[in-house]
Amino acid sequence: MKVLVIGSGGREHAIVWKLSQSPLVKKIYAAPGNPGTALHAENISIPAEDIEGLRSFAQREKIDLTVVGPELPLTLGITDKFRDAGLKVFGPSKAASELEASKVFSKEVMLRHNIPTAFYKKFDNPDFALAYIETHNPPFVVKADGLAAGKGVIICTTKEEASRAIVLIMKEKAFGAAGKRVVIEEFLKGEEASFLAVTDGKTVIPLAPAQDHKAIYDGDKGPNTGGMGAYSPAPVVTPGLTQEIMDTIMVPTVKAMEAEGRPYSGVLYAGLMIYEGKPKVLEFNCRFGDPETQPILMRLDDDLFEVLMSTVEGRLNGRAFKWKGQASVCVVMSAKGYPGEYLKGSEIKGLEEALRLKDVMVFHAGTAIKDGKIVTSGGRVLGVTALGKDISGAIKEAYNAVSMISWEGAYFRKDIGKKALGRGSAKI
Ligand code: AMP
Ligand code: GLY
C-alpha cells in the first residue's frame, strides 16, 4: 500500500515512523515532511495547505491512504476534495472539523447535546462583551472563535485583563478574522488531560490517555506554547474515568455530530479539565495532538496502518487497540526565544548518538538540512521520546537522550512527567 502523510511536525514524524513498521505499507510519502520523516518516507515539497496540489499528487501516484496531520488542511476541506476524487483519506470533513475551527460552534454543540463543559457566553459585538465583563466577576477565560495557533485563549484574573483581551482580539484583530467573535468562559480549576479517540462515525475507540505541558517554563509557568512535552499514560485518567469520559463526552459527541448532519470520522481529541474526578471539555481538536501523539504512538502495540484504514473504511466495530505495558515520555527541545521570536539555523549535534539508545526516538519538528547538516528551523525543534518501565523510568531515559543533543540556545523543560509521579504508579 502507498500512504501519503500531510504535515511537517513531530506528530507527522511519529505517524510516518509508526506506519513504516507496518508490513502492509510499501511506500510512504510525506508532504512536505521534514528531515525526520525523510528517514522513513519520501518527502514531497507540496505545502499542507495546497489541497489541489496534494489531490493531484495522490491521484497520479495512486495513493491508497492519505493521513492528514494538521488542522488547517482539514478546515480547508481536504478530506471532502479527496473523497470526491475517490481517494481514501483519514480525517473529518470540513463541516465536522468546525468542532475545532469554531469555539462558538463547539460550545453550541456541547450545550445542545448536554456534554459537560464550562459555562460560556458568545459575543460578536465588542461593546456587549465589554459590558458583560463589567457586570460579572473574574476570573474569565476569553477565547477567539477561530483558529489562532493555540494563542487565542487568554486567561484573565481581573476585569482589566479581560477588557484588554477583548480589545486585543475584537478591535485590534490580533488574530485576524479568528477574532470576529469571542467566547467568554467560566474559569475551570483542575488538572488537564488529552483524551484522544479514533472513530469511524459509529464506533469510538479510545487511545491511551496522555498529558501535555503547554506552558513554556517549569511548574507550568509562563506563556502557552504548542506543547513542551507529554507523557502517557496519564494517571489522572483512571480506568473508571476513561469509561466516564467515553460515556459522557466522546460517544455523545460523535452521536451529536451525526445528529447535527456533520458525521465525524478520524481522531477526536478532547482537551479536558478534571476536577474532583469529574471531566469537562475545554476544547475539541479534530486531529492527532502534538506532542501527545509522539508518546502515544511509541506505546501503540498495533499496526497503525490497519487502525487508520479500518477507520476510513468504517470497520472499527469490535476492535480494541493493544498497548505496550510501558510508559512513554516526550521532552520537546525548542529554539531560544520560543514561543516568541526565535533563532533559526543552529547546527544540531548528538542526534545519532541519541538515536542509538534503545527505546528512544528523536522526532523532528522544526529542523532543516543546510550544507548537509541538520539545523534548527522552527520553534519546537525535536520531540525526544522514550519508553520506560513506568513514567519515572521513561523520564530518566528521555532526559538521558536529551542530554546528548545540543545546539546554540537549545531549551527544554526539566519537569516533564513530574506531575504524574505524585500519583503513584499509573495503570498501564
Ligand atoms: P483551549 O485552546 O481552549 O484548550 O485553551 C488553551 C488552554 O487554556 C487550555 O489548555 C487550558 O490550559 C486553558 N483553558 C482553556 N479554557 C479554560 C477554562 N475554561 N478554564 C481554565 N483554563 C482554560
Ligand atoms: N498539544 C496540543 C495540541 O495538539 O493542540
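Structure shown above.
First, a word on what this report is: a plain description of the structure on this page.

The rules behind these values
- In this numbering scheme, every chain counts its residues from 1 along its sequence in written order.
- Each chain takes a letter, starting from A, and each ligand takes a number, starting from 1, following the order in which they are written.
- Side-chain atom pairs in this predicted model are given and counted only at pLDDT of 80 or more, local residue features only at pLDDT of at least 70, and totals for whole chains, interfaces and linings cover all residues.
- Side-chain metrics rest on all non-hydrogen atoms present in the structure, leaving aside hydrogens and water.
- DSSP calls a pair of strands paired once it identifies at least 2 bridges connecting them.
- Helix and strand labels come from DSSP, where a helix needs a run of H or I of at least four residues and a strand needs a run of E of at least two; each type is numbered from the N terminus.
- Helix axes are fitted to C-alpha atoms over the stretch in contact, other axes to C-alpha atoms as well, and angles between N-to-C directions run from 0 to 180 degrees.
- Residue contacts follow a heavy-atom distance rule, with two residues in contact if any of their heavy atoms lie within 4.5 Å.
- The set of buried Ala, Val, Leu, Ile, Met, Phe, Trp, Tyr and Cys residues whose side-chain atoms join them within 4.5 Å is what this entry labels a nonpolar core.
- Only protein chains enter the area calculation, which uses a 1.4 Å probe; residues under 20% of their type maximum are buried, those over 50% are exposed, and those in between are partly exposed.
- Whether a residue is near a molecule or strand depends on its heavy atoms: it is near if one of them lies within 4 Å of it.
- What qualifies as a polar contact is a pair of N or O atoms within 3.5 Å, subject to a donor-acceptor requirement within protein and to the restriction that residues adjacent in sequence count only when both atoms come from side chains.
- Surface accessibility follows the Shrake-Rupley procedure with a 1.4 Å probe radius. Residue values consider only the protein chains on display as shielding.
- When residue character is reported, Ala, Val, Leu, Ile, Met, Phe, Trp, Tyr, Cys and Pro are called nonpolar, Asp, Glu, Lys and Arg charged, and the others, Gly included, polar.
- Any carboxyl oxygen of Asp or Glu within 4 Å of a side-chain nitrogen of Lys or Arg constitutes a salt bridge here.
- A helix is expected to span 1.5 Å for every residue after the first.

**Let's talk about the sheet that holds strand S11 (residues 204-206)**
Stage number 1. If you trace the 4 strands from one edge of the open sheet to the other, you get S11-S10-S16-S17, paired in antiparallel fashion. Looking at which strands have only one partner, the edges of the open sheet turn out to be S11 and strand S17 (278-285). Between one strand and the next, the sheet's axes are offset by a mean angle of 35°, whatever the strand orientation.
Stage number 2. Here 7 bridges tie strand S16 (residues 266-275) to S17, and the two strands are oriented antiparallel to one another. Each residue of the ladder has a partner; that of leucine 272, found in S17, is valine 281.

**Quick notes on the sheet that holds strand S18 (residues 327-334)**
Stage number 1. Sheet architecture is open: 5 strands sit in the order S12-S15-S18-S22-S19, paired in antiparallel fashion. If you trace the sheet from one side to the other, it starts and ends with strand S12 (211-212) and strand S19 (360-364), each paired once.
Stage number 2. Two elements, strand S15 (residues 229-232) and S18, share 4 bridges in a ladder whose sense is antiparallel. Opposite tyrosine 231, over in S18, you have valine 329 as the bridge partner.
Stage number 3. Each of S15, S18, S19 and strand S22 (380-388) is contacted by helix H13 (residues 391-404), which is oriented at about 30° to S18, the strand it contacts most.

**Looking at the nonpolar core**
Stage number 1. Core analysis: the largest hydrophobic core is formed by 74 residues, its most contacted members being Ile249, Met250, Val329, Leu382 and Ile405.
Stage number 2. Per-element tally for this core: the top contributor is helix H9 (residues 239-259), with 8 residues.
Stage number 3. Formed by 36 residues, the second largest nonpolar core is a distinct cluster that contains Val16, Ile205, Leu207 and Ala210.

**Quick look at the site of ligand 1**
Stage number 1. For ligand 1, the set of nearby residues contains 15 residues, the closest of which are Glu185, Glu186, Leu188, Glu192 and Glu283.
Stage number 2. Glutamate 185 has a polar side-chain atom sitting 2.7 Å from a nitrogen atom of ligand 1.
Stage number 3. A distance of 2.9 Å is found between an oxygen atom of ligand 1 and a side-chain nitrogen or oxygen belonging to glutamate 283.
Stage number 4. Protein contacts shield 93% of the accessible area of ligand 1, which totals 470 Å² for the unbound molecule.
Stage number 5. Its residues placed into classes, the shell around ligand 1 shows 7 nonpolar, 1 polar and 7 charged.

**Overview of the pattern of salt bridges**
Stage number 1. Here the structure, examined in full by the defined rule, presents 27 salt bridges.
Stage number 2. Residue arginine 287 is joined to glutamate 100 by a salt bridge in which the shortest nitrogen-to-oxygen separation is 3.2 Å. Note that arginine 287 is positioned in the loop between S17 and helix H10 (293-299) and glutamate 100 in helix H5 (residues 98-101), a separation of 187 residues in sequence. Here arginine 287 and glutamate 100 have matching classes, each one buried.
Stage number 3. With a closest N to O distance of 3.2 Å, lysine 202 and glutamate 258 form a salt bridge. Residue lysine 202 is located in the loop between strand S10 (191-199) and S11, and its partner glutamate 258 is located in helix H9; the two are separated by 56 residues in the primary sequence.
Stage number 4. Classification of glutamate 258 by relative accessible area gives partly exposed; the value is 37%.
Stage number 5. If you follow the salt bridges from partner to partner, you end up with Asp220, Arg413, Asp415 and Lys419 in one network.

**Examining H13**
Stage number 1. Taking 1.5 Å as the rise per residue, H13 with 14 residues should run 20 Å; its terminal C-alpha atoms sit 20 Å apart, in good agreement.
Stage number 2. Those residues of H13 that sit buried are Ile391, Gly393, Ala394, Ile395, Ala398, Tyr399, Ala401 and Val402.
Stage number 3. Those residues of H13 that are buried are in contact with S15, S18, helix H12 (351-355), S19, S22 and helix H14 (418-421).

**Some points on the site of ligand 2**
Stage number 1. Residues in contact with ligand 2, as listed here, are Asp212, Gly226, Tyr269, Asn285, Arg287, Gly289, Asp290, Pro291 and Glu292.
Stage number 2. One nitrogen or oxygen atom from the main chain of aspartate 290 is found 2.9 Å from a nitrogen atom belonging to ligand 2.
Stage number 3. Starting from 200 Å² of accessible surface for ligand 2 in isolation, the protein chains cover 90%.

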